[in-house]
Amino acid sequence: MAQWTSAVGPAQLARQLQAQQPRPAGPGTRKPPAYRALADGIRLLVLEGRVPVAARLPAERELALALTVSRTTVAAAYEALRTEGFLESRRGAGSWTAVPAGNPLPARGLEPLPPESLGSMIDLGCAALPAPEPWLTRGVQGALEELPPYAHTHGDYPAGLPALRQMLADRYTARGIPTMPEQIMVTTGAMGAIDAICHLFAGRGERIAVESPSYANILQLMRSAGARLVPVAMAEGLGSWDLGRWRQVLRDAAPRLAYVVADFHNPTGALADEDQRRQLVEAARSAGTVLVVDETMAELHLDEDLEMPRPVCAFDPAGATVLTVGSASKAFWAGMRIGWVRAAPDVIRSLVAARAYADLGTPVLEQLGVNWLMRTGGWEEAVSLRREQARENRDALVAAVRRELPEWEFAVPRGGLTLWVRTGGLSGSRLAEAGERVGVRVPSGPRFGVDGAFEGFVRLPFTVGGPVADEAAARLAAAARLVESGAGSGGAEPPRSFVA
């Protein structure tokens, strides 16, 4: 019986390998043999989670043709990976990826580190802040006070609690987009909302247009659903969307869905202006594409003089073309797994009906907590506290990176939680690998792209500030020196314990 659970085609693997930047040669070091470079590249893809563990690799001859190298080179690379524990093979079953005994399985998304690891590792992988107390506690207490009437019911509300649906509808109406409760479905976080939308609108093999780069966890969700991702390059800097490219993709590829983050885009931090929003909605409507707009960062505007543009759904108030996704996870706390969809009533009915075969509904207590916060004004107080914390962290991290790594380039976003950094010609994948050895966890650029794009970038979230931001930048600089020196996987200094 075969030991592999998925397969990587030769063309796909070749694209991912060719997108990698070669490891710089340190002073006095020789260029590694071709087989060694190939083995190193595949090992890096496995460690990053961009090639899954237990994935069947192409046959030696197939990969050699795709890479235009000799079969002997591929055979030697596979043998080196087998020796190191990153490949297993059996006659008749092929070769599949593995990790050596004792190594943690790589994550394909951006899961947070377990709490026990935080003493020695600075986690820049997860763009989430601690809860804005005392508002979390107050919200939970308020929810408990309002729970008894609901405890006498079955507790299943597939569309969400009526009170919270009304509250969310009223908040959209207050933003200038008249909304009825029938246009709202409450979900288990924004990921739950987008997963439901993908299953309803985009079956296996359907095209979904995505910004390039885009949010890594959503890209992986769509891949797992069997979608064919069509990347659309962002404009340079924080210019947000390139409307010419979007029109071309919507016209030529005719994707069923398009996923965008208009407000402080993850990972770049870009903010689309009103004219871009209007034009994209018009282009999607003309192409028959459903536009999924992720608003999870919309409330995190950090500069006080910034005037926010109208929401994308303002240009499609009925919700026939634009499906808006919101969440409490970024603006409030990641542990508050409450999200929502705003769309046309018939779309909401279809989503609710399909939900019966998924998670049935969202926990009642958390819904009551969010509703209590929004009704009492606690939400605005908590979000204001969140903005202040994120602003201080952003400024501290920007200053620390500029001091420690002056050759790295980035534009400072005016909101959101992430900094998109060009790493001065260094491989983001190798920086991520070296960072793990010096005590800082950072996601590489290719996690946010399709088929190996953005090798020269990393994403840095505004989750640390003060001395921790200084230490994080110092560790990133140490990781950069390791990559520049061409150091192997061993010999790095162990991370220092850092508690703040």
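Remember, it's a predicted structure, so these values are computed and weren't measured experimentally. (Residues numbered from 1 in each chain as written. Predicted model: local features only at pLDDT ≥ 70, side-chain atom pairs only at ≥ 80, totals over all residues. Heavy atoms only, no water.)

**Q** Where do I start with the overall build of the protein chain in this structure?
**A** Of regular secondary structure, the protein chain possesses 16 helices and 15 strands. Among the 500 residues that make up the protein chain, the fraction classed as buried is 53%. In the protein chain, once contacts between residues fewer than 6 apart in sequence are set aside, the share between residues at least 24 apart is 76%. Carbon together with sulfur atoms contributes 54% to the accessible area of the protein chain, which is approximately 21,000 Å² in total. (Helix = DSSP H or I, 4+ residues; strand = E, 2+ residues; numbered from the N terminus. Buried < 20%, exposed > 50% of the residue type's maximum accessible area, 1.4 Å probe, protein only. Contact = heavy atoms within 4.5 Å. Areas by Shrake-Rupley, 256 points an atom, 1.4 Å probe, with all protein chains shown as cover.)

**Q** Just to check I follow, could you spell out the sheet that holds strand β7 (residues 207–212) for this structure?
**A** Hydrogen bonds along the backbone pair up the strands of a sheet, which may run parallel or antiparallel. The strand order β6-β12-β11-β10-β9-β7-β8 describes an open sheet built from seven strands, whose pairing is mixed. Sheet topology places β6 (184–187) and β8 (228–233) at the edges, where each strand pairs with a single neighbour. Neighbour-to-neighbour, the strand axes of this sheet turn through a mean angle of 20°, independent of strand direction. Bridge analysis of β6 against strand β12 (residues 339–342) gives four bridges, and the strand direction is antiparallel. Across the sheet, the residue bridging to Ile184 is Arg342, located in β12. (Pairing = 2+ DSSP bridges. Axes fitted to C-alpha atoms, helices over the stretch in contact; angles between N-to-C directions.)

**Q** Looking at this model, I keep getting lost on the pattern of salt bridges. Mind explaining?
**A** Pairs can form between side chains of opposite charge once their charged atoms are near each other. Evaluated as defined, the whole model comprises 25 salt bridges. For the salt bridge of Arg245 with Asp242, the shortest nitrogen-to-oxygen distance reads 3.5 Å. When the shortest N-O distance is used, the salt bridge between Asp263 and Arg277 registers 2.8 Å. Placement of Asp263 in the loop between β9 (257–260) and α11 (274–287) and of Arg277 in helix α11 is noted, with a sequence separation of 14 residues between them. Salt bridges sharing partners connect three or more residues here, namely Asp303, Asp305, Arg394, Asp395 and Arg414. (Salt bridge = Lys/Arg side-chain N within 4 Å of Asp/Glu carboxyl O.)

**Q** Can you help me understand the nonpolar core in this one?
**A** Soluble globular proteins: nonpolar side chains tend toward being buried together. Among the nonpolar cores identified, the biggest contains 53 residues, and Trp241, Trp246, Leu291, Phe332 and Trp379 are the most heavily contacted of them. Considering every element that reaches this core, the biggest residue donor is helix α13 (residues 364–376), with six residues. In this structure, Leu291 is in contact with Ala258, Val260, Leu280, Val281, Ala284, Val312, Thr321, Val322 and Leu323, ignoring residues within four places of it in sequence. Counting 41 residues, the second largest nonpolar core, distinct from the first, contains Leu124, Leu306, Val398 and Leu426. (Core = buried A, V, L, I, M, F, W, Y, C linked by side-chain atoms within 4.5 Å.)

**Q** For this particular structure, what's the right way to read the side chain of Arg355?
**A** Within the secondary structure, Arg355 sits in helix α12 (residues 345–355). Separated by 2.7 Å, the side chain of Arg355 and the backbone oxygen of Pro158 make a polar contact. Among residues more than four places away in sequence, those in contact with Arg355 are Pro158, Met185, Val186, Thr187, Thr188, Leu360, Gly361 and Thr362. (Polar contact = N/O pair within 3.5 Å; in protein donor to acceptor, adjacent residues only side chain to side chain.)

**Q** What is the right way to look at the packing of helix α10 (residues 243–252) against α11 in this model?
**A** The geometry of a pair of packed helices is captured by two quantities: the angle between their axes and the separation between those axes. Taken N-terminus to C-terminus, the directions of α10 and α11 make an angle of 10°; their axes are 9 Å apart at the nearest point. Compared by their axis directions, α10 and α11 come out roughly parallel. Packed against α10, whose contacting residues are Leu243, Trp246, Arg247 and Leu250, the element α11 presents Gln276, Gln279, Leu280, Ala283, Ala284 and Ala287 at the interface. (Parallel < 35°, antiparallel > 145°, perpendicular 65-115°, else oblique.)

**Q** Could you clarify how one ought to interpret the environment of Ser427 in this entry?
**A** Positionally, Ser427 belongs in the loop between β13 (418–422) and α15 (428–438). Take Ser427: its relative accessible area is 3%, and that puts it in the buried class. A polar atom in the side chain of Ser427 sits 3.3 Å from the backbone nitrogen of Ser429.

**Q** Help me understand the pairing of strand β4 (residues 94–97), please; the structure alone is not making it clear to me.
**A** One face of the sheet, then the other: side chains in a regular strand alternate in exactly this way. When strand β3 (residues 87–90) meets β4, the two strands line up antiparallel, connected through four bridges. Looking at the pairing, Leu87 lines up with Thr97 of β4. A loop of three residues connects β3 with β4, the two strands running antiparallel in sequence, and Gly92 in this loop sits at a positive phi of about 90°.

**Q** Just to check I follow, could you spell out the confidence of the model for the protein chain for this structure?
**A** Parts of the model with low pLDDT should not have their predicted coordinates read in detail. For the protein chain, per-residue confidence averages 89 on the pLDDT scale, and residues scoring 70 or more make up 90% of the total. When the criterion is pLDDT under 50, residues 488–500 qualifies, and its contacts beyond four places in sequence or with other chains add up to 27 contacts. (pLDDT = per-residue confidence, 0-100.)

**Q** Looking at this structure, I do not really get the packing of aromatic side chains. What am I missing?
**A** Working definition: an aromatic ring pair is given by the centre-to-centre distance plus the angle between the planes. Taken as a whole and judged by the stated rule, the model has six aromatic pairs. Ring geometry for Trp420 and Phe448: centres 5.6 Å apart, planes at 80°, overall edge-to-face. Placement of Trp420 in strand β13 and of Phe448 in the loop between β14 (440–441) and β15 (457–461) is noted, with a sequence separation of 28 residues between them. The exposure class assigned to Trp420 is buried, which follows from its relative accessible area of 10%. When its relative accessible area of 0% is taken as the criterion, Phe448 is described as buried. Here the aromatic rings of Trp420 and Phe454 are separated by 5.8 Å at their centres, their planes lie at 70°, and the arrangement is edge-to-face. One end of the pair, Trp420, is in strand β13; the other, Phe454, is in the loop between β14 and β15, and 34 residues separate them in sequence. (Phe/Tyr/Trp six-rings, centres within 6.5 Å; stacked < 30°, edge-to-face > 60°.)

**Q** How do you make sense of the pairing of β7 when you look at a structure like this?
**A** Of all six residues in β7, five are buried; the element is thus mostly enclosed. Pairing of β7 with β8, which is carried by six bridges, proceeds in the parallel orientation. Residue pairing across strands places Val210 opposite Pro231, the latter belonging to β8. As for the winding sense of the linkage, the β-α-β connection from β7 through helix α9 (residues 216–224) to β8 is right-handed. (Right-handed = clockwise from strand over helix to strand, strands pointing away.)

**Q** How should the packing of helix α8 (residues 189–201) against α12 be read in this particular structure?
**A** Where α8 contacts α12, the axes come no closer than 10 Å and their chain directions differ by 95°. Judged by the angle between their axes, α8 and α12 are roughly perpendicular. Side by side, α8 and α12 meet where Ala196, Ile197, Leu200 and Phe201 of the first sit next to Val347, Ser350 and Leu351 of the second. Here the contact of α8 with α12 is composed, by residue class, of six nonpolar, one polar and no charged. (Nonpolar A, V, L, I, M, F, W, Y, C, P; charged D, E, K, R; others polar.)

**Q** Explanation requested: unusual backbone geometry in the structure shown.
**A** Glycine aside, the phi torsion of most residues is negative, and most peptide linkages are trans. With omega at 10°, the peptide bond leading from Ser212 into Pro213 counts as cis. Topologically, Pro213 is positioned in the loop between β7 and α9. Residue Asn266 is joined to Pro267 through a cis peptide bond whose omega torsion reads 25°. Mapped onto the elements, Pro267 comes out in the loop between β9 and α11. With a phi close to 55°, Thr68 is a non-glycine residue in the positive phi region. With respect to the helices and strands, the residue Thr68 is situated in the loop between α3 (60–67) and α4 (71–84). You can call Thr68 exposed: its relative accessible area is 71%.

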